[in-house]
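A structural walkthrough
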Amino acid sequence: MKFTRREALKSLGGGAAAVAATGLVSISAVGQESAEVKTAPKHAVGLLYDATRCIGCQSCVAACNEANNLEGDLRADRIHHSAQDLTSFSKNIIKLYRPADGSGYSFVKQQCMHCIDPACVAGCSFKALTKNPESGVVGWTSSKCIGCRYCEIACPYHIPKFQWEGWNPKIVKCELCKERLAVGKEPACSSVCPAKAVIFGTREQLLAEAKQRIRQNPGKYYQDRAFGETDGGGTQALYLSHVPFDKLGLPNLGNESVPEKYLKWQNRIYSYLAVPVVTYATMVAVIRKNWHDHQHHEKEEQERTGLRPQL
Amino acid sequence: MIGFWERNVPVFDVPVRTRALYVLTGLFLLAFGLVTYRELAGLGPVSGMNDAYAWGIWKTFNVMTLTGLGSGAFSVGMTAYLFGRWRLHSVMRTACLTSLLAYISGMTLLAVDVGRPWNMYLVLMPWKWNYHSPLLEVAVCMPLYAMFPLFLENIPPVLEWLHEARPSARPIVEKATAIMAKFYPLVVGLAYILPAMHQSSLGALMLLAGDRVHPLWQTPFLPLLYVWAAAFMGFSCVAGTLLFCTLMWKRPMDLDVLREMGRITCYIIIAWLVFRFSDILFSGKLGLTFQFNQYAVLFWIEMVILTLAAITLWDSAKLKNARMMFHAHLIAAIGGMMYRFDPTTLAFNPKSGAIYFPTAMEILVALGFVSFAIAVFMIAAKKLAIIPAPLSYWYDYENEVLAKAPEPQLSRPGEALATAQD
């Protein structure tokens, strides 16, 4: 069979048609109305941490370890070390920020922020990490986790940690003492805080409390706002601070949640699998035509050489 | 040696049990032993991974990078079947086999890398999936592709071997071939849509990492750039493999086909470079490329390597220089691998002060799984009709000798006119 330039152009046109069809469907999919912005569950609970009240006593760390059967990081010599960072040995830690110029220092408590639209939940393949539709607590289920550690890559606050030792590793993160909540108790950390620096409540109560403190103490709090009201789409752990939030390790995320910001396009292209299905159908139509020509060519070859055609 | 690639033929005159095969098998067995240790002791004692760099080379190199090289069946196949470049049919078997082996090797290592592999049965239960996760897309789409369309694409050489070496099986083979030929367009279509989906989702994985990935790599077009890189990496891997095999096993080389592959690879790379650079220009990140830090340097290394690859590919196609062409494909593959590896590790900054460097055991396991793929390719190419050759190399399986075949032709059969017009 002669393979002329005209035919080459024709089949090239077929391929181009498939690509164009994909492009058109993709553009219409991307042009869809923006997915509705997620709001906090009705009975969302959380923590309000006021860095100006915290005395750094670490009672919350000890209470958290006790409530969650964690013994702290004893790996080196069985002597308990104050944790430098969140690890799979601690779900809640206190850090100290002390600026080089000697100006005001601040403690900061680190635990899961229980985001309204969590990146870890968005990335988790088999729903091992889920957001409770009632309380909004982000919890982990061992029987659904494959241990891929994508949550560690995705979380903007670097919260989930993985047990690197042993054959049966687990993801360790604050689950807002969900077992204690179930029996009507508040989380261990807030229950023991002597300075009432961290308090537990519904998100609405906590936001109202934060706003009242800001109103009563003008100029005391950084930016006169609570971190987590809108940051990263909003969180259920809220922070008040007298030093800039980013100094305490709270990143400047803007108001969009991480999944909304980064997966918008991806989710639209895959909505109802419309783009892949249309692309597949178009490609098969073109390939079918090309395939017919190819088999004709193969037959001619077989006549010429007397050998079986090769697929 | 120059000759037209007319048929796929086993590399029959080279021994199967070579020293290289023993070394590769040894490396794989060593890796297998280390994997057993990893399953008992956990990931920590074996690897350099930590909570800041939670993904090590098993994911970022063996899966993210090497399945890019294993995209030959996708990109070369798409050019051949969808864009009607029929000459490239002669290299399709090499493309399909390298792809299948790269995917199998990568996915097996992925199962070693995950901490709780016994829960992976969930991949079979669609009602338990999180449909918004890019990782779910990869976890479902990659095995589906490797086990269904890509696997079927590798069946014809096996059927052919059965047909030639086991005459009693011929009626079944003929029937199976007829069925395959009937449904082949449907299978082939799947073999292009599925990799397009998961190769882009590999890029989408890094989207959710947000500002951990340096802005020069973090862009909404990351999925597109990933699948685009897979396109030229696939071409380079297939052309490079063929050039290497024909040189090593002293097979005739079809410079027409290789030059066409070289030119197509060159076009894809240039378009990719222009797109990547425009994205950086129009998103206002050009300033970042002139900062004096490791990220800007890394960015320019990638750009320079791929530009060099494009120029060398073009020149080698023009000069008909096979050795230069091999080096060009090697450079292109390295450039593509760097682009796919960097956002996961070198341009990945979790801002914690932690560092990641793979341990010796981790590297040995990664190498062992690559060795496995290479070893299987070496055996398969000698037993099955994978590597293309002129008709005069046609092999008689039954009597294990060279069969009588027509004399080699001076011009490409049936294409004399088309070549004259070029």
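Here's a quick rundown of the structure. Numbers given for residues are sequential positions, taken from 1 along each chain in its written order. To label them, take the chains in the order written and letter them from A, then take the ligands in the order written and number them from 1. Predicted model: local features are reported for residues with pLDDT of at least 70 only, side-chain atom pairs are reported and counted for 80 or more only, and whole-chain, interface and lining totals are derived from all residues. Side-chain numbers come from the whole structure's heavy atoms, not from hydrogens or water.

Details of the overall build of chain B
This is how the line gets drawn: Only runs of H or I of at least four residues qualify as helices and only runs of E of at least two qualify as strands under DSSP, and these elements are numbered from the N terminus. Buried residues are those whose accessible area, probed at 1.4 Å on protein chains only, stays under 20% of the maximum for their type, while exposed residues exceed 50% and partly exposed ones sit between those limits. Contacts between residues were defined by any pair of non-hydrogen atoms, one from each residue, lying within 4.5 Å. When charges are counted, neither His nor the chain ends are considered; positive counts come from Lys and Arg and negative counts from Asp and Glu. For this purpose, a charge sits on NZ of Lys, CZ of Arg, CG of Asp or CD of Glu.
Scanning chain B from N- to C-terminus turns up 15 helices and four strands. When each of the 422 residues of chain B is scored for burial, the buried share is 60%. Residue pairs at least 24 apart in sequence account for 81% of intrachain contacts in chain B once pairs closer than 6 positions are excluded. Positive and negative side-chain charges of chain B, numbering 30 and 25 respectively, have mean locations separated by a distance of 2 Å.

A few points about the sheet that holds strand β9 (residues 237-240) of chain A
All names here are of chain A. Let me state the cut-off plainly: Here, any two strands with at least 2 DSSP bridges between them count as paired. In this description, a line fitted to the C-alpha atoms serves as the axis of each element, helices being fitted only across the stretch in contact, and the angle between N-to-C directions of two axes falls anywhere from 0 to 180 degrees.
Taking strand neighbours across the sheet as the criterion, the three strands line up as β8-β1-β9 in an open arrangement whose pairing is mixed. The sheet terminates laterally at β8 (198-202) and β9, the two strands that pair on one side only. With direction set aside, neighbouring strand axes in the sheet form an average angle of 25°. Bridge count for strand β1 (residues 45-50) against β9 is four bridges, and the pairing is parallel. The residue of β9 that forms the bridge with Leu 48 is Leu 238. Helix-sheet contacts for helix α7 (residues 203-216) involve β1, β8 and β9, and the interaxial angle to β8 is about 130°.

Describing the interface of chain B and chain A
As a reminder of what qualifies: When two parts are put together, the accessible area they lose, computed with a 1.4 Å probe and summed over both, is reported as buried area. What counts as a salt bridge is simple: a side-chain nitrogen of Lys or Arg found within 4 Å of a carboxyl oxygen of Asp or Glu. By the criterion applied in these results, polar contacts are pairs of N or O atoms within 3.5 Å in which, for protein atoms, one can donate a hydrogen and the other can accept it, and in which residues neighboring in sequence qualify only through two side-chain atoms.
At the junction of the two partners, chain B supplies 88 residues and chain A supplies 73 residues. Each partner contributes to the roughly 7,100 Å² buried at the junction of chain B and chain A, and carbon and sulfur atoms together form 60% of this total. Taken together, chain B and chain A are joined by three salt bridges. Here Glu 6 of chain B makes a salt bridge to Arg 304 of chain A, at a shortest N to O gap of 3.5 Å. Counting across the chain B and chain A interface gives 41 residue pairs in polar contact (both at pLDDT 80 or more). Secondary-structure elements contributing two or more residues to the side of chain B that touches chain A are β1 (7-9), α1 (19-41), α4 (72-82), α5 (92-113), α6 (134-147), α8 (155-165), α9 (170-207) and α15 (416-421) of chain B.

Concerning the packing of α1 of chain B against α5 of chain B
Residue and element names in this part refer to chain B. For the record, the criterion: The labels follow the angle: roughly parallel below 35 degrees, roughly antiparallel above 145, roughly perpendicular from 65 to 115, and oblique for the rest. All amino acids are sorted into three groups, where Ala, Val, Leu, Ile, Met, Phe, Trp, Tyr, Cys and Pro are nonpolar, Asp, Glu, Lys and Arg are charged, and the leftover types, Gly among them, are polar.
As a packed pair, α1 and α5 sit with axes 10 Å apart at the nearest point and diverge in direction by 30°. Overall, the two elements α1 and α5 adopt an arrangement that is roughly parallel. Every residue of α5 that contacts α1 at Val 35, Arg 38 and Glu 39 is listed here: Ala 111, Val 112 and Asp 113. Taken together, the residues of the contact of α1 with α5 break down into three nonpolar, no polar and three charged.

Some points on the packing of aromatic side chains
The test is simple: Ring geometry is summarised as follows: Phe, Tyr and Trp rings, the Trp one being its six-membered ring, pair when their centres sit within 6.5 Å, and such pairs are stacked at plane angles under 30 degrees, edge-to-face over 60 and tilted between the two. For a Lys NZ or an Arg CZ to count as sitting over a ring, it must be within 6 Å of the ring centre and within 35 degrees of the ring normal.
Overall, the coordinates contain 30 aromatic pairs over all chains when judged by the stated rule. Ring geometry for Phe 162 of chain A against Trp 164 of chain A: centres 4.8 Å apart, planes inclined by 75°, an arrangement best described as edge-to-face. Here Phe 162 of chain A and Trp 164 of chain A have matching classes, each one buried. Seen in terms of ring centroids, Phe 28 of chain B and Phe 32 of chain B are 6.2 Å apart; in terms of plane orientation they differ by 50°. Their pairing is tilted. Taken as a pair, Phe 28 of chain B and Phe 32 of chain B lie in helix α1 at a separation of four residues, close to a single helical turn. Since its relative accessible area comes to 51%, Phe 32 of chain B is described here as exposed. Aromatic rings pair up to connect Tyr 157, Tyr 222, Phe 227 and Phe 245 of chain A into one cluster. Lying across the ring of Phe 162 of chain A, Arg 149 of chain A places its NZ or CZ 5.3 Å from the centre. When the ring centre of Phe 12 of chain B is taken as reference, the NZ or CZ atom of Arg 251 of chain B above it lies at 5.1 Å.

Some details on the pairing of β1 of chain A
All names here are of chain A. Most of β1 sits inside the fold, with six of its six residues counted as buried. Neither face of β1 is open: one carries Val 45, Leu 47 and Tyr 49, the other Gly 46, Leu 48 and Asp 50, and all of them are buried. Pairing of β1 with β8 involves five bridges; the strand directions are antiparallel. Directly across from Val 45, in β8, lies its bridge partner Thr 202.

Quick word on α5 of chain B
To be explicit about the condition: An expected span of 1.5 Å times one less than the residue number is assigned to each helix.
Helix length check: α5 of chain B, at 22 residues, gives a terminal C-alpha distance of 31 Å against a target of 32 Å (1.5 Å per residue), a fit within 8%. α5 of chain B sits mainly inside the fold: 18 of its 22 residues count as buried.

Examining a nonpolar patch on the surface
Residue and element names in this part refer to chain B. As a reminder, the rule being used: Exposure above 30% relative accessible area and no salt bridge define the residues that can form patches, which grow by joining like charges within 9 Å and nonpolar side chains of Val, Leu, Ile, Met, Phe, Trp and Tyr within 5 Å. For every accessible area listed, the method is Shrake-Rupley and the probe measures 1.4 Å; residues are considered covered only by the protein chains on display.
Together, Ile 179, Phe 183 and Leu 186 make up a nonpolar patch on the protein surface, roughly 260 Å² of accessible area in all. Relative to the elements of secondary structure, Leu 186 occurs in helix α9. Taking relative accessible area as the criterion, Leu 186 reaches 32% and is therefore assigned partly exposed.

Thoughts on the side chain of Asp 50 of chain A
Residue and element names in this part refer to chain A. The topology assignment puts Asp 50 in strand β1. The class of Asp 50 is buried, set by a relative accessible area of 0%. Looking at Asp 50, its side chain comes within polar contact range of the side chain of Thr 52, at 2.5 Å. A polar atom in the side chain of Asp 50 sits 2.7 Å from the side chain of Tyr 221. Non-local contacts of Asp 50, meaning those with residues more than four positions away in its chain, are made with Ala 197, Arg 213, Tyr 221 and Leu 240.

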